[in-house]
Amino acid sequence: MRLPFTKMQGLGNDFVVLDGVRQTLALDRAQLRRLGDRHFGIGCDQILLVEPPTRPDADFRYRIFNADGSEVEQCGNGARCFARFVREQGLSDQAEIRVETARGLIVPRIEADGQVTVDMGLPDFTPAALPFIADTDLPLHPIEAAGERFEIGVVSMGNPHAVLLVDSLTSAPVERLGPALQAHPRFPRQVNVGFMQIHHRGRIGLRVYERGAGETLACGTGACAAVVSGIRRGLLDWQVTVETRGGELSVRWAGPGQPVAMTGPAVTVFHGVIELD
Ligand SMILES: N[C@@H](CCC[C@H](N)C(=O)O)C(=O)O
């Protein structure tokens, strides 16, 4: 099969985006892994599949697969790239698009300056939402991994996140604690692990070890999770700039009952065709 694709990136978190509106696509896990493979395929952190909606209040359905072929619920940087993709491909001329994901509707909007703002919906701090096996109702959960004991915040942004506060991102044990926490038995569906350094109440640095992809240059839902977890602990203001290894994002959250808003770039890198068995 010859499969046309678009390569996109949001803050260096990179995507293979496929048009499932003008063609019907049913890819198996091996084919998805091949697309994501940086040596034997195209290479990306996630594969995004744009499809017609299955519910009447949505304009499109958008499915997300990690590079290891697993399907996931949500992707923040991907949502911004999705919005740019449907605009550039002539699939929609609306500035605001209603998108069906595995965890409900999200609403990306292309701004006049080309940045994309996404209403990412409500954060959920209930451990069962991730799921996470908790032994306390407090905002911070003690946990042991890789022979160390520390505290994490847990939050679902549709997909599961654990957030750790660190003194320095340069020396943060991302490679050691990331995999240990990601596959920790207290996260039965695994978790994305964020390492957050607070610079001041309006600016943080963040590195994320992602489920199904390893450390990425940026994670949009990870940025939302880190900011809401910091606000909930009284450490951050309602509007925060998030520095990632791939650039900056703005995240806003007015508190419980309010959706999280995220603004950042979305860039088309190239178009191509891959031979896929
Ligand atoms: N890079 C993403 C998140 C992609 C999914 C994640 N790895 C998971 O398994 O939940 C983002 O920008 O949010």
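Because the structure is a prediction, the values reported are computed rather than measured.

Here we look at helix H3 (residues 174–182)
Working step 1: Taken together, the buried positions of H3 are occupied by Leu-177, Gly-178, Leu-181 and Gln-182. The arc enclosing the buried residues of H3, seen along the axis, measures out at 125 degrees, which places them on a common side.
Working step 2: Buried residues belonging to H3 abut strand E9 (141–145), strand E11 (160–165), strand E12 (192–200), strand E13 (203–210) and strand E14 (214–216).

A look at helix H1 (residues 29–36)
Because each turn of an α-helix spans 3.6 residues, side chains separated by three or four positions in sequence point in the same direction.
Working step 1: Residues of H1 that are buried: Leu-32, Leu-35 and Gly-36. The buried residues of H1 occupy an angular sector of 95 degrees when projected down its axis, which confines them to one face.
Working step 2: On the buried face of H1, the contacting elements are strand E2 (13–19), strand E3 (46–51), strand E4 (60–66) and strand E18 (267–275).

Some words on the site of the ligand
Working step 1: Around the ligand, the structure places 19 residues, and the nearest of them are Asn-77, Asn-159, Arg-211, Gly-220 and Thr-221.
Working step 2: Residue classes in the shell around the ligand are distributed as four nonpolar, twelve polar and three charged.

Topic: unusual backbone geometry
Across the chain, the bulk of peptide bonds are trans and the bulk of non-glycine residues have phi less than zero.
Working step 1: Here the amide bond leading from Leu-130 into Pro-131 is cis, since omega sits at -5 degrees, within 30 degrees of zero.
Working step 2: Turning to its location among the elements, Pro-131 is positioned in the loop between strand E8 (116–119) and E9.
Working step 3: Here the phi dihedral of Ala-146 falls at roughly 50 degrees; this positive angle occurs in a residue that is not glycine.
Working step 4: Note that Ala-146 resides in the loop between E9 and strand E10 (148–156).
Working step 5: Residue classification places Ala-146 among the partly exposed positions, given that 13 C-beta atoms sit within 10 Å.

Overview of the environment of Gln-182
Working step 1: Positionally, Gln-182 belongs in helix H3.
Working step 2: Classification of Gln-182 as buried rests on a count of 20 C-beta atoms within 10 Å.
Working step 3: Considering only alpha carbons, one finds Gln-182 and Ser-70, 112 residues apart in sequence, at a separation of 14 Å.
Working step 4: Not counting residues within four places of it along the chain, the set of residues in contact with Gln-182 comprises Gln-190, Val-191, Val-193, Tyr-209 and Arg-211.

Section: the UniProt feature "active site" (unreviewed entry) in the chain
Working step 1: As annotated by UniProt and renumbered to match this structure, "active site" (unreviewed entry) occupies Cys-75 and Cys-219. Spatial clustering of the annotated residues is evident: they stretch over 145 residues in sequence, but the largest pairwise C-alpha distance comes to 7.8 Å.
Working step 2: Among the secondary structure elements, Cys-75 is positioned in the loop between strand E5 (71–72) and helix H2 (76–88).
Working step 3: Its 30 C-beta neighbours within 10 Å are what place Cys-75 among the buried residues.
Working step 4: Apart from residues lying up to four places away in sequence, Cys-75 is in contact with Gln-46, Ile-64, Gly-220 and Thr-221.
Working step 5: With respect to the secondary-structure elements, Cys-219 resides in the loop between E14 and helix H4 (220–232).
Working step 6: Residue classification places Cys-219 among the buried positions, given that 35 C-beta atoms sit within 10 Å.
Working step 7: When residues no more than four places from it in sequence are discounted, the contact partners of Cys-219 are Asn-13, Asn-77, Asn-192, Val-208 and Glu-210.

Thresholds applied
Residues numbered from 1 in each chain as written. Predicted model: local features only at pLDDT ≥ 70, side-chain atom pairs only at ≥ 80, totals over all residues. Buried ≥ 20, exposed ≤ 12 C-beta atoms within 10 Å, placed from the backbone. Helix = DSSP H or I, 4+ residues; strand = E, 2+ residues; numbered from the N terminus. Arc of directions from axis to C-beta. Contact = placed C-beta atoms within 7 Å. Near = placed C-beta within 6 Å. Nonpolar A, V, L, I, M, F, W, Y, C, P; charged D, E, K, R; others polar. UniProt positions renumbered as here; feature names shortened; annotations may be inferred.

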